[in-house]
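# Geometric and topological summary
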Amino acid sequence: MEGESLQHKPTGIPKAASTRIPQFSSSVSGANGLHEMTNSQSNVRSQPMSSISAMNGLKRGVPTPAIQPEPKRKPLSEQAGEFPAKSTASQPTSRNVRSMTLKDIGRSNHTSINGAPGSRHTSNSSYSSTNGFAYSVGPCNRPASRQRISHNRARSTTRTGRPATSMGTREEGNGSNVSEIEEKIGKMDTEFQKVKEFMTMTEKDSAIAKEELEMLKKRAVSLEDQRNNLQAERAQLLDRLADAERQARNLNIDIQDQQRRHDKYCEELIADHQKKITAKVDDYEHQMDKVAKLQQEFEEKCGAEAESRLENLSHENKDLRSALERQRRDHEHDVHLLHDDLERQSRRIRDMEEKLRKAEEDQRALQTDIDDNVNTIKRLRKRAEDAEERLSKDQGHLGGQIKSLSQLLDSSSTRIQSLEQEHKATQSDYQRKIQEVEVAAQKRIDEETKLLRDRLIKEEERRHKLFEQVQELKGNIRVMCRIKPPADPESDALIRFNPRMSELDEEKIDGVSIPTEREDFREPGKMIPGKPKEFNFERVFDDHCTNKDVFDEISQLVQSVMDGKKVCIFCYGQTGSGKTFTMSRKGDGIIPRTQDMIFSEVDRLKALGWEYTVEGSYLEVYQDKLYDLLASRNSKPEPLSVDPIGEDLNIKGHSFILLQEERDLDEMVRTADNNRHTAATAMNDRSSRSHSILVLKIRGTKTNEDGEIVKTRKGTLNLIDLAGSESPDKARGDQIYKEGVEINSSLSYLRTVLSSLGQGKTEGVDFRSYTLTQLLRPSLGKGCRTLMFVMVSPLKENENETIRSLEFARDAQKVKMGGNGGAAKNRK
Ligand SMILES: Nc1ncnc2c1ncn2[C@@H]1O[C@H](COP(=O)(O)OP(=O)(O)OP(=O)(O)O)[C@@H](O)[C@H]1O
C-alpha cells in the first residue's frame, strides 16, 4: 500500500481550492487514486530510507511514531517546487488553470456536466469505489471533497491502524456521513451557482464575441474594399506611368528627328549660301578680269570710245558692286534669320529637354508612389490576412456559441412570430369592435342630430312668429334720430339738446327737447324762454353713439328680410348731417354690416334646410330720373324707368345681379360708390343732391326630404341715402336751386305717401308722381316695414333746419300704425 502511495505523489498544491473554476482530476487511477497523501505522510516519505524502515518496523511492534521527533515541515509552496515535472504535467497546476480561457473552462465543465466520457466519469467511478457517493451529479468541488475523503482515510489509518476499506469508513462515520453529504450538497449548490454565474458570463461573452465577430467581419470587408481600391489605384498609376514613359520616348524621338532635320537644313542652307557667294565672287573676279582686260585694251587703244566704254563699264561695275552688296546684305539677313531660327529651335529643344526631365521626375515620383502603394497594399494585405486569420480563429471559437445563440434566436423569432400573429388577430378583433362601436355611435349621432335639427327648426319657426309679433308691435313705420357729433365741440356754437332717457331702458335715449326763445311782447327786442320743442322717437342716438350701436338697433329689420319681409331703411336730413356716414361702407355703416349679416344668415339657415339666393342693384335718383349706379360712367348714362305694375320691383331693361357670396355684394357696393364719386366730382357734388338706393332681393326656399319645395320666402331690402333736405337757396345759383326744389318736392311727396300708408290706405295711393316713391312702392305696401333715420346737425347755425327735419320725422311717425311709445308720446 505504501509503495503504491509513493508512486502517486501528490502535487501538494491545493488545486480547485485555488481557483473559482471547478476542477476535476483526470489522473486518478482506480480506487487507489484516492490515496493522496496528507502532509504528515508526505513528510514521512521525504525522510531517508532508514526512517521508512523504522516506520515499517513500527508495524512490527516498534514504538508509535508519535514519540519520534517529527522533522520540520516545509511550507507547501516549497514542497510543490520539489515535485517531479512528470507529476505536475499530468495534473494542471493552479497556474495552468489560470492560463486557460474562461471558454475553455466552460467547455470542459460543460462536457463534465453532460456526463461525457472523460474526467467526470473517471471521478465518479473513483468516488463510487471509495465512499459510495456515486450518484453525485452536477458541478462540485470534487478534488476538495476527494482530498477530504483521503484525509479522513489517512487519519483513521494513522489513529486506529485499521485497514482503510470503504465499508470501514462508512461504519465509522454513519452519523457524520449525513452532515457530510449535506455539506457536500451545500457545496455542490454553491458550485452550481458559480457555474450558473459562469454560464451567464459566458453568454455575455458570447454576445460580446458575436459583436466583435460582426465588427471583424465588417472590418475585413472594409479592408477588402481598401485593398481593391488600392489595387485599382495602383493599376491606374501603372497605366499613367506607362503613358508617361511612352510620351517621353516619343518626345525623345521627335527631338532627335527635329535636331537631325534642323542640322541638315542648316548645313544645306550654309552650303547653298556658300555656293552662291563663291559664284558671286567668281563672277566678280571674272568681271574684274574683264575690267582689267578692258582697261588694258583702253590703255592700248587710248581712244575716246574706249574711254566711254570704260565709263560704261565702270558704271556697270558700280551696279554690280551695289547688287553684290545687296545680295551680301540679303545673305547676311538670311544668315541672321537662320541664326534666330536656330536659337528658337535650341530653345525648343531646351524646353523639350526640361519637359523630358520633368516627365522623368514625374515618372520617378510615380514610381515612388507605386512602390509606396505596393507597400501599403502589402501591409494591408498582411493586415487583412491577419484579420482573416483572427476572424477565422474567433469564428472557430465563437462558432459553438453562435450556434446555440442562433438556436435561441430562432426560438425567440418563432415566439415573436406567434406573438405577432396573436397581436394581429387581437388587433383585427379590436378594429372590428371599434367599427361596430363607431357605426352604433354614428347612428346615435345621426338620430340625435335629426332630433336636434327638428327642434331647431321648430324653435326657428317660433322665433319667427315671436319676432313677427314684436315687429308688429313696434309698428310698420319706425323713426329713429341721430345727432351728429360736432367737429369742434370747444369752439362750435351748439344746439342745447336735452335728452330724455327711455322708460324701458335707462341707458337709451328716446327723446330730446330743444329750448326756444321768443320776444317779450311787452318789451320788444327782449328775448324770453319759449316753450321747448319736444321730439320723441323710438330711439335717439346722441353724439357718443357709433355705427355699431345703430346697426345693433336695426339688425332685427335685416333679419326680417331673411324671413321674407320687405324692408325699407332710409336716412333723411340736411346736407352734411351724417346720412352717408351712417349708411355707407366708408364709415363701416349699415350697408357693410348688412352684407355680413345677410350672408352669415344664409349659412345659418342652410343648416335648417333653407336655400337662399341674393340679387342686388344699386340705383340713383337724380332730378327725378333713375340711373343705374353700376353702369359705366364713361359715357352719359341713360335713365331707367320703373315698371309700375306687379308686387316686385321691376326696372325696364335692367336686371339684378346675382350675388353668390359676400365678396360679390362688396364688389357691387364699391363699384357704385366709385361711380357716385366720379359723378359727384364731375357735377359739382351731385351726391348731395341725389338719392341713392341699394336694393337687395333675397329669396329663400325650403325643401323636404323628397326635394319638394315646402316653403318660400321673398324679402326685399332697400337701403336709401336720401338727398340733403335743406330748403332751396336761390343764392347758390339756378341749377342748385332747381335741384333743391326737385329734392324738396320728391321728399314731401314721400312724406305724403308715407302719410297715406300710415292712415291704412292700401289702394289709391299714388306712387307714380315721383320716381323715388315709384321705386319704393313694392317696399312700402301692406306688410312692409319702414325705418326712417332722421339725421340732425348739432350746430346752432343749423338749428332751424334741424328742427324742420325733426318735425318732418315726427310727422312721419305720427302716422305709423300699430306702434307704441314715440308716436303716442308725440301725440300728447
Ligand atoms: N356720427 C358721425 N361721427 C363722426 N363723423 C361724422 C358723423 N356723421 C357724419 N360725420 C362726418 O360729417 C361729414 C358729412 O357727413 P355725410 O357725408 O355722411 O353727410 P350727408 O348727410 O351724407 O351729406 P350729403 O347730404 O351731402 O350726402 C363727413 O365728413 C362725415 O365723416
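Residues numbered from 1 in each chain as written. Predicted model: local features only at pLDDT ≥ 70, side-chain atom pairs only at ≥ 80, totals over all residues.

## Topic: the overall build of the protein chain
Heads up, the rule is: Where helices and strands are cited, they refer to DSSP runs of H or I of at least four residues and of E of at least two residues respectively, numbered from the N terminus. Exposure in this text rests on C-beta crowding, where 20 or more other C-beta atoms within 10 Å of a residue's own make it buried, 12 or fewer make it exposed, and counts in between make it partly exposed. The C-beta atoms are placed from the backbone. Remark: residues whose backbone-derived C-beta atoms lie within 7 Å of one another are considered to be in contact.
Counting secondary structure elements, the protein chain contains 20 helices and 15 strands. For the protein chain, with 828 residues in total, the buried portion stands at 23%. For the protein chain, restricting intrachain contacts to residue pairs at least 6 apart in sequence, the fraction spanning at least 24 positions comes to 73%.

## Some details on helix 18 (residues 771-780)
Most of helix 18 is tucked away, with nine of its 10 residues classed as buried. Of all the residues in helix 18, the buried ones are Thr771, Leu772, Thr773, Gln774, Leu775, Leu776, Pro778, Ser779 and Leu780.

## Section: the nonpolar core
The nonpolar side chains of soluble globular proteins are, as a tendency, buried together. For the record, the criterion: A set of buried Ala, Val, Leu, Ile, Met, Phe, Trp, Tyr and Cys residues, joined through C-beta atoms within 7 Å, is what we mean by a nonpolar core.
Cys481, Tyr572, Val790 and Ala809 are the most contacted members of the largest nonpolar core, which totals 76 residues. Once residues within four sequence positions are removed from consideration, Cys481 is found in contact with Phe535, Phe537, Val540, Phe541, Val790, Val792, Leu806 and Ala809.

## Overview of the pairing of strand 3 (residues 509-514)
The line we're drawing: Two strands qualify as a pair provided that DSSP identifies no fewer than 2 bridges between them.
One ladder, built from four bridges, connects strand 2 (residues 498-501) with strand 3; its direction is antiparallel. Note on strand 3: the bridge partner recorded for Met501 is Ile509. Pairing geometry for strand 3 and strand 6 (residues 533-541), over five bridges, is antiparallel. Paired with Gly511 across the two strands is Asn536, which belongs to strand 6.

## Describing the pairing of strand 7 (residues 566-573)
Within a regular strand, side chains alternate between the sheet's two faces. Counting buried positions along strand 7 yields eight of eight residues, so the element is predominantly enclosed. Residues Lys566, Cys568, Phe570 and Tyr572 of strand 7 are buried on one face, and the alternating residues Val567, Ile569, Cys571 and Gly573, pointing to the opposite face, are buried as well. Bridge analysis of strand 7 against strand 15 (residues 785-792) gives seven bridges, and the strand direction is parallel. The partner of Phe570 across the bridge, within strand 15, is Met788.

## Considerations on unusual backbone geometry
Most peptide bonds are trans, and most residues other than glycine sit at a negative phi. In this model, Gln623 sits at a positive phi of 55 degrees, which is unusual for a non-glycine residue. By secondary structure assignment, the location of Gln623 is in the loop between strand 8 (610-622) and strand 9 (625-628). Taking the C-beta count within 10 Å as the criterion, Gln623 has 16 such neighbours and is therefore assigned partly exposed. Backbone geometry at Asp624 places phi at a positive 60 degrees, although glycine is not the residue there.

## Let's talk about helix 15 (residues 590-606)
Put simply, the test is: Helix span, expected: 1.5 Å multiplied by one less than the number of residues in the helix.
For helix 15, with 17 residues, the first-to-last C-alpha span of 24 Å sits near the 24 Å given by 1.5 Å per residue. Taken as a whole, helix 15 has its buried residues at Ile590, Ile591, Pro592, Thr594, Gln595, Ile598, Phe599 and Val602.

## Description of the environment of Gln259
Checked against the element boundaries, Gln259 lands in helix 11 (residues 174-301). For Gln259, a count of 14 C-beta atoms within 10 Å gives the class partly exposed. The sequence separation of Gln259 and Ser346 amounts to 87 residues, and the corresponding C-alpha distance is 8.8 Å.

## What about the packing of helix 13 (residues 547-562) against helix 15?
Which entries qualify depends on this criterion: Lines are fitted to the C-alpha atoms to define the axes, a helix being fitted only along its stretch in contact, and any angle between axes, read from their N-to-C directions, falls within 0 to 180 degrees. Between 65 and 115 degrees an angle is taken as roughly perpendicular, under 35 as roughly parallel, over 145 as roughly antiparallel, and anywhere else as oblique. When the near helix sits turned anticlockwise from the far one by under a right angle, the crossing is termed left-handed; a clockwise turn instead gives a right-handed crossing.
Direction vectors running N to C along helix 13 and helix 15 enclose 45 degrees, while the axes themselves pass 10 Å from each other. The angle between helix 13 and helix 15 places the two elements in the oblique class. Viewed along their axes, helix 13 and helix 15 form a crossing whose handedness is right-handed. Residue-level inspection shows Val550, Phe551, Ile554, Ser555, Val558 and Met562 of helix 13 in contact with helix 15, the latter providing Ile590, Arg593, Thr594, Met597, Ile598, Glu601 and Leu605.

## Digging into the confidence of the model for the protein chain
For clarity, the threshold we go by: Confidence scores per residue from the predictor, reported as pLDDT, run from 0 to 100.
Per-residue confidence for the protein chain averages 74 on the pLDDT scale, and 73% of its residues sit at or above 70. Overall fold confidence for the complex sits at a pTM of 0.48, while the interface term, ipTM, reaches 0.98.

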